[in-house]
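Here is what each chain is made of, one letter per residue.
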Amino acid sequence: MTPSPKPVEWVGSSLKDLQEFPETVRQDIGYALYLAQCGDKHPSAKPLKGFKGGGVLEVVENFDGDTYRTVYTVKLADVLYVLHAFQKKSKQGITTPKQDIDLIAKRLKLAQKHYSEKYGS
């Protein structure tokens, strides 16, 4: 018997931002998030550097010369929190810009607070 998918909680503008991605990218990222909901990991999902423990992951999709990233956490039991979705515009290689890392850290704290209030843990 397959376990039912975990609920998804969208933090900040992550859902709105994801909805602005090209359709092909949305479909690929949506499938990666679905796998995460089911306790699996998409091949393009990898731990985000700077967040210890591997509980914060990013899915990177390239489309038409652009790079799109969606960051989520599986640190909070039985709930998938999508923390950030953005188009990477930095010309500094593959490094995630500091302002995005800071926003992800802030949203992770918001997710932890929300989880403890809503799910009581």
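Chemist: Residues and numbers for the overall build of the protein chain, please.
Modeler: Counting its secondary structure elements, the protein chain contains 3 helices and 5 strands. Computed over the C-alpha atoms, the radius of gyration of the protein chain is 14 Å, within 12% of the 14 Å expected from 2.2 N^0.38 for a compact globule of 121 residues. Projected onto its principal axes, the C-alpha positions of the protein chain cover 40 × 35 × 25 Å. By residue count, 40% of the 121 residues in the protein chain fall in the buried class. In the protein chain, the proportion of contacts linking residues at least 24 apart, taken out of those at least 6 apart, comes to 50%.

Chemist: I'd like to hear about the side chain of His84, residue by residue, with values.
Modeler: Positionally, His84 belongs in strand β5 (residues 80-88). At 2.8 Å, the side chain of His84 forms a polar contact with the side chain of Asp100. Not counting chain neighbours up to four residues away, the residues in contact with His84 comprise Ser14, Arg69, Thr70, Val71, Asp100, Leu103, Ile104 and Arg107.

Chemist: Got a sec to walk through the packing of aromatic side chains? Specific residues and values, please.
Modeler: The final tally for this structure, using the stated rule, is 2 aromatic pairs. When the centroid spacing of 4.8 Å and the interplanar angle of 55° are considered together, the rings of Phe21 and Tyr68 count as tilted. Of this pair, Phe21 sits in the loop between α1 (14-19) and α2 (23-37) while Tyr68 sits in strand β4 (residues 66-73), placing them 47 residues apart in sequence. Taken as a pair, Phe21 and Tyr68 share a single burial class, namely buried.

Chemist: Give me the pattern of salt bridges: which residues, what numbers.
Modeler: Close approach of charged atoms allows side chains of opposite charge to pair. Enumeration according to the criterion identifies 5 salt bridges in this entry. Residue Glu9 is joined to Lys118 by a salt bridge in which the shortest nitrogen-to-oxygen separation is 3.1 Å. Placement of the pair is Glu9 in strand β1 (residues 8-10) and Lys118 in helix α3 (residues 98-119), with a sequence separation of 109 residues. Owing to a relative accessible area of 15%, Glu9 belongs among the buried residues under this scheme.

The rules behind these values
- Residues numbered from 1 in each chain as written.
- Predicted model: local features only at pLDDT ≥ 70, side-chain atom pairs only at ≥ 80, totals over all residues.
- Heavy atoms only, no water.
- Helix = DSSP H or I, 4+ residues; strand = E, 2+ residues; numbered from the N terminus.
- Rg over C-alpha atoms; globule rule 2.2 N^0.38 Å.
- Buried < 20%, exposed > 50% of the residue type's maximum accessible area, 1.4 Å probe, protein only.
- Contact = heavy atoms within 4.5 Å.
- Polar contact = N/O pair within 3.5 Å; in protein donor to acceptor, adjacent residues only side chain to side chain.
- Phe/Tyr/Trp six-rings, centres within 6.5 Å; stacked < 30°, edge-to-face > 60°.
- Salt bridge = Lys/Arg side-chain N within 4 Å of Asp/Glu carboxyl O.

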